[in-house]
Amino acid sequence: MPPSADWQSVPPQWTHRHLLDLERLTPEEIRLLLDTASLFKEATDGCRRKLAILAGSTVVNLFFENSTRTRTSFGLAARRLGADVIDFTAASSSLSKGESFIDTAKNLEAMGIDAVVVRHATPGTPHLLAKHLGVGVINAGDGPHEHPTQGLLDILSIRERLGSLEGATVGLVGDIAHSRTARSNLWGLTKLGAKVILCGPPTLVSDRWREFGVEVSHDLDAIVPRCDALNLLRIQFERQNTRPFPSVQEYAHLYAMTIERLRRARANLLILAPGPINRGVEVTAEVADCSQSLILDQVTNGLAVRMAVLWLICGPRAAALPAAGGPLHRSRGSIV
Ligand code: CP
């Protein structure tokens, strides 16, 4: 579908009512999402211009965890496509009067909405919502389980530079145990033919991940020279009951991406981080701001990916797509 083509038809290859995870998508479906995002980026002059093809649609942002990038870019992507956006704030809602999560969502649905973008600390919340609602549900992060649009925007950012993921080596470094970004990247990257190396301390990177066809390393210095891209993940202290290492300084000494480590990397090593970044912990300021860093490109690509996802979920053919149905999805990615 070229940018000048008739936007009134959602690609027939897309058959999902919801976007809940990348684990269950096929490589072709992931490529379709990435290709559609690229088209939107081109057609909107780098995500700056409006393309009001979802005028009359309404998207609800239902966020139960804090967010800067995801919430803002879903809202902006929807508005750039001409849709109305409702930003639901849990703290000031009737949840505080005892209304259940599902009743809350059903009441919002009764107002005539087209999609719900949900973020929640509990894994599987978007899947539960998809069983109860007739409108499209988009997972904006469910606890440590998945963050599919983050995975897509990370992969799109790498694909733009390398041309293809086939044969590329991508290191995911940091708190793999608690990272939904790591899981979405892992499924998406491996489906597109990339080699994935998970790297971090043994308390945060289990050797059991090898069961999923990825390499596990606890030595950042050993993997840096082999990688085409490194995605540097934040330590998710908010999801941990005990400290996985004695001190942040010790962690940073072993696992922060520094200029010294960058000098031992391939000349064009791509540096990514999903944000928010903690400068001096998983990445130094010099590396975060260097010319090889894609950190802000990722944010722009987040708009493109979310425009594509909203279009596929809310577009003209979307209402005819089947609901999720079936038993609640049980993820394979539950290793900590
Ligand atoms: N990367 C990401 O999900 O950022 P936010 O938590 O700010 O949305």
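Residues numbered from 1 in each chain as written. Predicted model: local features only at pLDDT ≥ 70, side-chain atom pairs only at ≥ 80, totals over all residues. Heavy atoms only, no water.

J.: Could you give me a rundown of the packing of aromatic side chains, with the residues and numbers involved?
T.: Summed over all chains, the structure comprises six aromatic pairs. With a centroid separation of 5.3 Å and 65° between ring planes, the pair formed by Phe64 and Phe101 is classed as edge-to-face. One end of the pair, Phe64, is in the loop between β1 (58-63) and α2 (69-80); the other, Phe101, is in helix α3 (residues 101-109), with 37 residues separating them in the sequence. On the basis of an interplanar angle of 50° and a centroid distance of 5.6 Å, the ring pair of Trp209 and Phe212 is categorised as tilted. (Phe/Tyr/Trp six-rings, centres within 6.5 Å; stacked < 30°, edge-to-face > 60°. Helix = DSSP H or I, 4+ residues; strand = E, 2+ residues; numbered from the N terminus.)

J.: Any chance you could break down the pairing of strand β4 (residues 136-142) for me, citing the residues and the numbers?
T.: Most of β4 is tucked away, with seven of its seven residues classed as buried. When strand β3 (residues 115-120) meets β4, the two strands line up parallel, connected through five bridges. Bridge pairing in β4 links His120 to Asp142. Once you follow β3 into helix α4 (residues 125-132) and on to β4, the crossover reads as right-handed. (Buried < 20%, exposed > 50% of the residue type's maximum accessible area, 1.4 Å probe, protein only. Pairing = 2+ DSSP bridges. Right-handed = clockwise from strand over helix to strand, strands pointing away.)

J.: Go over the sheet that holds β3 with me, naming the residues and quoting the values.
T.: Strand pairing in a sheet relies on backbone hydrogen bonds, with the paired strands running either antiparallel or parallel. Spatial ordering of the open sheet is given by β2-β1-β3-β4, a layout of four strands whose pairing is parallel. Edge positions in the sheet fall to β2 (84-89) and β4, since each of these pairs with one other strand and no more. Each strand of the sheet is rotated relative to its neighbour by a mean of 15°, with strand direction disregarded. Sheet analysis places β1 next to β3, joined by five bridges and oriented parallel. Among the inter-strand pairings, Phe63 is bridged to a residue of β3, identified as Arg119. Most of the contacts of helix α11 (residues 295-314) go to β4, to which it runs at about 145°, and overall it touches β1, β3 and β4. (Axes fitted to C-alpha atoms, helices over the stretch in contact; angles between N-to-C directions. Contact = heavy atoms within 4.5 Å.)

J.: How would you explain the site of the ligand if you had to name every residue and give the values?
T.: What surrounds the ligand is the set Ser67, Thr68, Arg69, Thr70, Arg119, His147, Gln150, Pro274 and Gly275. Note that an oxygen atom of the ligand is positioned 2.7 Å from one of the backbone N or O atoms of Thr68. Arg119 places a polar side-chain atom, nitrogen or oxygen, 2.9 Å from an oxygen atom of the ligand. Protein contact buries 91% of the 250 Å² of open area that the ligand shows by itself. Residues that form the shell around the ligand fall into these classes: one nonpolar, six polar and two charged. Among the domains, domain 1 (9-147 + 302-323) and domain 2 (148-297) are the pair contributing at least three residues each to the shell around the ligand. (Near = heavy atom within 4 Å. Polar contact = N/O pair within 3.5 Å; in protein donor to acceptor, adjacent residues only side chain to side chain. Areas by Shrake-Rupley, 256 points an atom, 1.4 Å probe, with all protein chains shown as cover. Nonpolar A, V, L, I, M, F, W, Y, C, P; charged D, E, K, R; others polar. Domains from an automatic or database assignment.)

J.: An account of the pairing of strand β8 (residues 229-232) is requested, with residue identities and associated values reported.
T.: What you see with β8 is no split at all: Ala229 and Asn231 on one side and Leu230 and Leu232 on the other are buried throughout. With four bridges joining them, strand β5 (residues 169-173) and β8 adopt parallel strand pairing. Its bridge partner being in β8, Val173 is matched across the sheet by Leu232. Of the strand pairs in this sheet, β8 and strand β9 (residues 270-272) are connected by three bridges, and their pairing is parallel. By the bridge assignment, Leu230 is partnered in β9 with Ile271.

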